[in-house]
Amino acid sequence: MEAIVQLVVILFVVLFVLLPLGWWLVALKNRKAMMYLRMYWIRIVIIDVTLLVVFLAIWGMMSLESFYRSITLAQMPLQLIMVALNAIIFVVMYTTFLQGGLSKLSKSKIKGEEVNIHWDDVIGMEEAKREAWEVVQLIKDRTKVKQIGGKVLRGLLMLGPPGCGKTYLAKAIATEAGVPFISMSGAEFVETFVGVGASRVRKLFKKARELAYGHGGCIIFIDELDSIARKRVFSVFGGTEETNSTQNQLLAEMDGVQTADQNVIIIGATNASEDSLDSALLRPGRFDRKFYIDRPNLEEREKIFQYYFSKVKIDKSSVDIKRIARKSVYKTPAEIENIVKEAALIAARDKKDMVDYKNVSEAIERIQMGLKHRRHMTPREREMTAYHESGHLIVLYLLHPTDDVFKASIIGRKESLGVVHRQPKEELYTDSKEALLADIKVSLAGYVAEKLKYGTTSTGVAMDFKGAMMTAHSMVWRFGMNDAGFIGDYTAIPKEEISENIKEALNVETQKIFKICLKDVEDLLMKEREILDRFVKELLEKEELDYDEIDAIFNEYGKRQLSALK
Amino acid sequence: MLLAFTLFGCAPSYPKAEFKESIIKLCKDEYNIDVKVETVGKTIAIYLPLSNLIDFTFAITKEASEKIGNVILSVSRVALSTDAKYDFYCIIAHDVRIPDIQIVIIKSIDDVKRFFLGDISRNEYTKRMLIDIRMTPQAQKEKSIREVLDKMVVDKKAQEQFLSEFFRNEPAGLNEIGYWNGKFYIKDVTLPEFLADQVASRIRIAFKEDKKLAESFLVKSSKGSYSSQPPRSIFRFEIFATATKVVVGTKGESNIDDILEESLKVASAVIHGYRFKDYEYIDIINQANGGFMRVSQADAEKFYSKKIKFSELKKKVY
């Protein structure tokens with residue numbers, strides 16, 4: 001027994017005297033140790049006190065006679081259950097009634113090297129990568145920048161459509177910079193209760209500063225920044241108070257980062273446009289750098305496809321990555337990943353060992369056009385749909401300068417009975433007058449084809465007309481693409497400030513475009529009636545026609561695609 | 001933490017090897033009382049010499065009572081926190097001025113444990129303790145024999161030899177336990193004899209404590225014994241009780257039966273309380289009027305749990 005007492009005393013001295021003293025001495029020289037001491041001093045005190053209580057309890061138990069010890073031990077499980085029950089009740093009551101739990105911050109702190117996304121893994125955003133690399137260098141060489149007298153980087157804003165790899169790039173920056181990475185979504189700051197979001201922002205930055213102190217830097221990544229960074233609204237009703245206070249705190253903390261002079265970099269990511277964000281956040285000194293991470297171009301798409309295809313078994317003889325990349329214009333990296341995953345699923349469903357071109361094509365179609373939804377149609381309605389879609393198809397193939405026919409189908413998808421799927425051959429950031437006119441003609445072609453065959457038309461033209469009308473209207477009202485010489489954007493000024501004469505003249509021009517297009521389409525389809533009937537026959541037989549089949553039929557008649565001629 | 005507690009909780013505070021010394025040391029260290037300790041079988045005997053055990057009214061003095069209480073507590077503590085297996089302890093307190101008088105207290109260690117764990121009440125705990133103030137049996141015996149031997153002019157050495165050979169033996173019953181001339185006269189207490197004495201004692205208490213019974217009856221003596229002679233094992237309670245006034249019952253019978261009924265109530269409750277099963281019958285005899293009844297173990301249990309009436313038991317013949 002005396003040996004046990006001696007052991008307890010030694011343990012007591014080691015745990016409560018030597019260990020804390022040693023840690024304190026180490027912390028005085030080592031910044032990381034000091035950081036941990038600062039960050040976790042409450043926990044350390046709690047653990048120490050708990051251990052002290054345990055030691056005292058053991059000490060007390062040892063002073064008891066074995067009979068009383070046995071009684072105490074026998075009661076202990078029940079007491080532990082009671083204590084646990086009380087603690088649970090207390091926590092539930094506290095979080096329910098005092099809302100102490102609402103300001104809790106579930107931040108995920110990860111060390112840079114543990115993020116494990118390397119620079120080479122980031123593909124398909126070469127431009128953004130180049131800029132981001134500079135940021136990495138700035139994080140690493142902060143002292144050097146300061147020595148030169150340069151201004152250190154505070155914030156980085158990534159803008160762009162969803163699924164383009166903003167989070168991925170942020171993680172790669174953290175890995176390369178080798179600093180801790182705290183990731184949060186903007187939505188996590190949003191609460192009903194005023195002040196809770198602000199409290200979370202404070203806690204987040206406090207934590208980041210502590211980590212930066214120990215590790216030489218820290219990256220805070222706030223995804224969906226627009227949740228807390230939209231333009232502030234000052235409402236007398238106070239409905240926006242919480243968002244405002246959260247954003248104010250973010251602004252204050254970002255300034256605070258400067259004054260505290262700690263290497264904390266804030267990376268924000270948003271799908272919203274820059275215009276919708278509060279200007280105070282965008283000024284230099286807060287988010288100093290802005291990256292626009294756009295959808296990948298053809299070359300980048302090829303690389304992305306190569307990367308994801310390397311993770312699945314593919315039939316190299318049939319899968320032409322260049323061709324697939326061309327077929328997936330405007331697709332984001334996330335969508336490309338999804339295409340490959342979907343293709344693999346389709347291949348597995350078809351009991352194939354490898355993914356082939358057909359699987360990829362089907363995957364693109366499924367993702368782009370949605371799942372097939374067969375509806376029961378009368379023969380006449382089915383034929384009418386075939387004429388309608390064949391009309392679109394012929395006009396698109398023969399008259400459209402930029403778009404390819406991807407597929408024609410009379411199988412219902414979503415709300416439509418049939419579809420002619422098209423897509424540009426390459427990324428185009430503007431549309432020419434000819435392309436817009438061709439768009440209108442393609443839209444009107446379904447109507448013309450129905451009328452040509454049946455002398456009457458169906459309500460299936462509604463969406464076509466809507467699209468065509470909007471295009472024609474924009475051409476005249478906004479883009480100056482009319483023969484009457486109206487130049488300027490008439491939608492930029494209030495309608496009541498435009499004279500009735502001008503409005504009428506503009507509308508006449510819109511109708512004129514419509515009529516010219518209609519005439520062209522009628523002429524074309526009457527001229528190519530044989531091809532029209534052929535496509536109707538093919539569609540009624542096969543229900544779906546791929547690009548290759550469509551191209552082959554046109555070639556039979558000696559026709560070449562207009563976009564291919566350019 | 002639990003592991004540590006379990007580890008420390010395993011070792012007994014008073015190991016078997018140091019059991020007697022532990023009691024002596026505890027009494028000395030904590031209460032400055034000198035005791036002697038002896039054990040026989042599963043019984044511990046503690047001799048407690050006191051300077052003023054009784055006053056001139058033959059009542060236990062307050063000081064003696066406190067000392068006895070402290071010794072009881074010390075023995076209980078050691079008995080509960082040891083790995084030695086003992087069932088009973090017996091405290092023999094002497095007044096050193098008049099060693100012919102002794103107080104013998106016998107307790108079951110299981111009762112002590114149950115009391116500390118709150119399994120039985122303080123009142124029940126007190127009733128389960130056997131307390132007897134009596135003339136030291138060995139002293140009485142020795143005096144009588146010495147007188148005879150003196151008359152026979154036997155020399156002292158021969159007297160000592162004679163006494164040692166024929167009269168200084170282990171006591172036959174609990175009433176012969178004692179301490180005389182530096183020697184313990186103790187026996188290994190068994191549960192049935194402890195129960196027999198306890199029932200006899202509690203019958204006396206019952207007829208004193210209950211106001212109605214005390215007004216109606218006078219219990220002059222009660223004695224309990226347990227016989228386990230094959231083929232039968234029987235508890236036998238001999239009472240000498242008389243009615244102080246005669247009350248006619250609803251059926252016109254004499255209330256003298258109430259003595260047997262009350263005695264049976266006490267006996268069945270006590271035996272049931274110890275979950276003792278090793279007996280066949282309980283015999284109750286009122287020596288004052290020759291009243292007798294025999295109850296089997298099963299009927300005694302039924303009577304305790306009020307599943308059978310006394311009048312029905314009376315009619316039963318075993």
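Everything numeric in this text was worked out from a predicted model, so none of it was measured. (Residues numbered from 1 in each chain as written. Chains lettered and ligands numbered in written order. Predicted model: local features only at pLDDT ≥ 70, side-chain atom pairs only at ≥ 80, totals over all residues. Heavy atoms only, no water.)

### With respect to the overall build of chain A
Okay, so step 1: Helix and strand counts for chain A stand at 22 helices and 9 strands.
Okay, so step 2: In chain A, the proportion of contacts linking residues at least 24 apart, taken out of those at least 6 apart, comes to 77%.
Okay, so step 3: Summed over its atoms, the accessible surface of chain A is roughly 29,300 Å², and 58% of this surface lies on carbon and sulfur atoms. (Helix = DSSP H or I, 4+ residues; strand = E, 2+ residues; numbered from the N terminus. Contact = heavy atoms within 4.5 Å. Areas by Shrake-Rupley, 256 points an atom, 1.4 Å probe, with all protein chains shown as cover.)

### A short note on the overall build of chain B
Okay, so step 1: Of the regular secondary structure elements, chain B holds 12 helices and 11 strands.
Okay, so step 2: Taking all 318 residues of chain B together, the buried fraction comes to 47%.
Okay, so step 3: The long-range fraction of contacts in chain B, counting pairs at least 24 apart against all pairs at least 6 apart in sequence, stands at 61%. (Buried < 20%, exposed > 50% of the residue type's maximum accessible area, 1.4 Å probe, protein only.)

### So, the pattern of salt bridges
Residue and element names in this part refer to chain A.
Okay, so step 1: For the structure shown, the criterion picks out 48 salt bridges over all chains.
Okay, so step 2: The residue Arg 289 makes a salt bridge to Glu 134 at a minimum N-O spacing of 3.1 Å. With Arg 289 in strand 6 (residues 289-292) and Glu 134 in helix 5 (residues 126-140), this residue pair connects regions lying 155 residues apart in the sequence.
Okay, so step 3: We note a salt bridge from Lys 519 to Asp 523, for which the minimum N-O separation is 2.9 Å. In this pair, Lys 519 and Asp 523 are both assigned in helix 19 (residues 500-527), 4 residues apart and thus about one turn of the helix distant. (Salt bridge = Lys/Arg side-chain N within 4 Å of Asp/Glu carboxyl O.)

### Thoughts on the sheet that holds strand 7 (residues 403-409) of chain A
Backbone hydrogen bonds hold the strands of a sheet together, and the pairing may be parallel or antiparallel.
All names here are of chain A.
Okay, so step 1: Strand order across the open sheet formed by 3 strands is 8-7-9, with antiparallel pairing between neighbours. If you trace the sheet from one side to the other, it starts and ends with strand 8 (419-424) and strand 9 (544-546), each paired once. Shown here is a sheet whose adjacent strand axes are inclined to one another by a mean of 25°, direction ignored.
Okay, so step 2: Here 6 bridges tie strand 7 to strand 8, and the two strands are oriented antiparallel to one another. Looking at strand 8, one finds that Lys 407 is bridged to His 421. (Pairing = 2+ DSSP bridges. Axes fitted to C-alpha atoms, helices over the stretch in contact; angles between N-to-C directions.)

### Comments concerning the sheet that holds strand 10 (residues 281-286) of chain B
Residue and element names in this part refer to chain B.
Okay, so step 1: Read from one edge to the other, the open sheet built from 4 strands follows the order 8-9-10-11, with strand pairing classed as mixed. Single-partner strands in this sheet number two, and they are strand 8 (217-227) and strand 11 (291-296). Shown here is a sheet whose adjacent strand axes are inclined to one another by a mean of 15°, direction ignored.
Okay, so step 2: As judged from the 6 bridges shared by strand 9 (residues 234-243) and strand 10, these two strands associate in the parallel manner. Among the inter-strand pairings, Arg 236 is bridged to a residue of strand 10, identified as Asp 283.
Okay, so step 3: Against the sheet, helix 10 (residues 257-273) touches strand 8, strand 9, strand 10 and strand 11, its axis set at about 145° to strand 10.
Okay, so step 4: Its contacts with the sheet put helix 11 (residues 297-304) on strand 10 and strand 11, and the angle it makes with strand 11 is roughly 95°.

### Here's the deal with the layout of surface pockets
Okay, so step 1: If you add up the space inside the largest pocket, you get close to 880 Å³.
Okay, so step 2: What lines the largest pocket is a set of 28 residues, among which A:Glu389, A:Ser416, A:Gly418, A:Met463 and A:Asp464 lie closest to the centre.
Okay, so step 3: Among the secondary structure elements, those contributing two or more residues to the lining of the largest pocket are helix 15 (357-369), helix 16 (379-399), strand 8, helix 17 (433-454) and helix 18 (462-477) of chain A.
Okay, so step 4: A per-element tally of the lining of the largest pocket places helix 16 of chain A first, with 7 residues.
Okay, so step 5: Its volume calculated, the second largest pocket comes out at about 710 Å³.
Okay, so step 6: Lining of the second largest pocket is provided by 27 residues; of these, B:Asp132, B:Asp197, B:Ala200, B:Ser201 and B:Arg204 occupy positions nearest its centre. (1 Å grid on protein atoms, 1.4 Å probe; cavity = no way out; pocket = protein on both sides within 12 Å on 5 of 7 lines; lining within 4 Å. Points joined across faces, edges and corners; volume = space filled by probe spheres on them.)

### Considerations on empty space enclosed by the protein
Residues and elements named next belong to chain B.
Okay, so step 1: As enumerated under the stated definition, the model contains 1 cavity of 30 Å³ or more in all.
Okay, so step 2: Approximately 60 Å³ is the volume attributed to the largest cavity.
Okay, so step 3: Lining the largest cavity are Gln 138, Lys 141, Glu 142, Leu 163, Phe 167, Arg 168 and Tyr 185.
Okay, so step 4: Looking at the lining of the largest cavity element by element, the count peaks at 3 residues for helix 6 (residues 137-151).
Okay, so step 5: The residue inventory of the lining of the largest cavity, partitioned by class, reads 3 nonpolar, 1 polar and 3 charged. (Nonpolar A, V, L, I, M, F, W, Y, C, P; charged D, E, K, R; others polar.)

### Focus on the confidence of the model for chain B
Okay, so step 1: For chain B, the mean per-residue pLDDT works out to 88, and 93% of the residues sit at or above 70.
Okay, so step 2: Confidence estimates for the predicted assembly give a pTM of 0.52 and an ipTM of 0.74. (pLDDT = per-residue confidence, 0-100.)

### With respect to helix 6 of chain B
All names here are of chain B.
Okay, so step 1: Under the 1.5 Å per step criterion, the end-to-end length of helix 6 is 21 Å for 15 residues, consistent within 8% with the ideal 21 Å.
Okay, so step 2: Within helix 6, burial applies to Pro 137, Gln 138, Ala 139, Glu 142, Ile 145, Arg 146 and Leu 149.
Okay, so step 3: One or two steps after helix 6, the chain reaches Val 153, where phi turns positive at roughly 55°. (Expected span 1.5 Å × (residues − 1).)

### Brief notes about the nonpolar core
Residues and elements named next belong to chain B.
Okay, so step 1: Within the largest apolar cluster, 47 residues are counted, with the highest numbers of intra-cluster contacts made by Ile 106, Ile 177, Phe 235, Leu 264 and Ile 282.
Okay, so step 2: Dropping the residues within four chain positions of it, Ile 177 is found in contact with Cys 90, Ile 92, Gln 102, Val 104, Ile 106, Arg 134, Pro 137, Pro 171, Tyr 185, Ile 186, Lys 187 and Val 189.
Okay, so step 3: Counting 38 residues, the second-largest nonpolar core is a separate cluster that includes Val 37, Leu 50, Ala 84 and Phe 115. (Core = buried A, V, L, I, M, F, W, Y, C linked by side-chain atoms within 4.5 Å.)

### So, the packing of aromatic side chains
All names here are of chain B.
Okay, so step 1: All chains considered together, the criterion is met by 29 aromatic pairs over all chains.
Okay, so step 2: Centroid distance Tyr 47 to Phe 184: 6.5 Å. Interplanar angle 90°. Geometry classified as edge-to-face. With a gap of 137 residues between them, Tyr 47 in strand 2 (residues 43-50) and Phe 184 in strand 7 (residues 183-185) connect regions that are remote in the sequence.
Okay, so step 3: Look at Tyr 47 and you get buried, because its relative accessible area is 9%.
Okay, so step 4: An angle of 80° between the planes, with centres 6.0 Å apart, marks the rings of Tyr 226 and Phe 276 as edge-to-face. (Phe/Tyr/Trp six-rings, centres within 6.5 Å; stacked < 30°, edge-to-face > 60°.)

### Side note on unusual backbone geometry
All names here are of chain B.
Okay, so step 1: In this structure, Asn 32 takes a positive phi of about 55° despite not being glycine.
Okay, so step 2: Counting through the fold element by element, Asn 32 comes out in the loop between helix 2 (19-31) and strand 1 (36-40).
Okay, so step 3: A positive phi angle is found at Lys 306, which is not glycine, with a value near 60°.
Okay, so step 4: In this structure Lys 306 comes out as exposed when scored by relative accessible area, which is 75%.

### What about the environment of A:Asp356?
All names here are of chain A.
Okay, so step 1: Its location among the elements puts Asp 356 in the loop between helix 14 (333-349) and helix 15.
Okay, so step 2: Residues within four places of Asp 356 in sequence aside, it is in contact with Asp 315, Ser 318 and Val 319.
Okay, so step 3: Of note is the side chain of Asp 356, whose polar atom sits 2.9 Å from the side chain of Lys 352.
Okay, so step 4: Separated by 3.0 Å, the side chain of Asp 356 and the backbone nitrogen of Asn 359 make a polar contact. (Polar contact = N/O pair within 3.5 Å; in protein donor to acceptor, adjacent residues only side chain to side chain.)

### Some points on a nonpolar patch on the surface
Residue and element names in this part refer to chain A.
Okay, so step 1: Taken together, Val 9, Ile 10, Val 13, Val 14, Val 17, Leu 18 and Trp 59 make up a surface patch of nonpolar side chains, about 580 Å² in accessible area.
Okay, so step 2: Ranked by residues supplied to the nonpolar patch, first place goes to helix 1 (residues 2-29) with 6 residues.
Okay, so step 3: Here Val 13 lies in helix 1. (Patch = residues over 30% accessible without salt bridge, like charges linked within 9 Å, V, L, I, M, F, W, Y side chains within 5 Å.)

### Thoughts on a positive patch on the surface
Okay, so step 1: A cluster of basic residues, B:Lys16, B:Lys42, B:Lys85 and B:Lys113, forms a positive patch at the surface.
Okay, so step 2: For B:Lys42, the location among the structural elements is in the loop between strand 1 and strand 2. (Lys, Arg positive; Asp, Glu negative; His and termini not counted. Charge placed at Lys NZ, Arg CZ, Asp CG, Glu CD.)

### Notes on helix 3 (residues 62-80) of chain B
Three or four residues apart is the spacing at which side chains of an α-helix point the same way, because the helix has 3.6 residues per turn.
Okay, so step 1: Counted at 1.5 Å a residue, the expected span for helix 3 of chain B with its 19 residues is 27 Å, and the 27 Å between its end C-alpha atoms agrees.
Okay, so step 2: All of the buried residues in helix 3 of chain B are B:Ala64, B:Ile68, B:Val71, B:Ile72, B:Ser74, B:Val75, B:Ser76, B:Arg77, B:Val78, B:Ala79 and B:Leu80.

### Side note on the packing of helix 14 of chain A against helix 15 of chain A
All names here are of chain A.
Okay, so step 1: Here helix 14 crosses helix 15 at 120°, and the two axes come no closer than 8 Å. Classified by the interaxial angle, the pair formed by helix 14 and helix 15 is oblique. Crossing of helix 14 over helix 15 shows right-handed handedness. Contacts between helix 14 and helix 15 involve Asn 338, Ile 339, Glu 342, Ala 343, Ile 346, Ala 347 and Arg 349 from the first element and Asn 359, Val 360, Glu 362, Ala 363, Ile 364, Arg 366 and Ile 367 from the second.
Okay, so step 2: Of the residues contributing to the contact of helix 14 with helix 15, the split by class is 8 nonpolar, 2 polar and 4 charged. (Parallel < 35°, antiparallel > 145°, perpendicular 65-115°, else oblique. Left-handed = near helix turned anticlockwise from the far one by under 90°.)

### Examining the environment of A:Ile321
All names here are of chain A.
Okay, so step 1: If you trace the backbone, Ile 321 turns up in helix 13 (residues 321-327).
Okay, so step 2: Here Ile 321 falls in the buried class, since its relative accessible area comes to 17%.
Okay, so step 3: Along the primary structure Ile 321 and Phe 305 are separated by 16 residues, whereas in three dimensions their C-alpha atoms are 6.8 Å apart.

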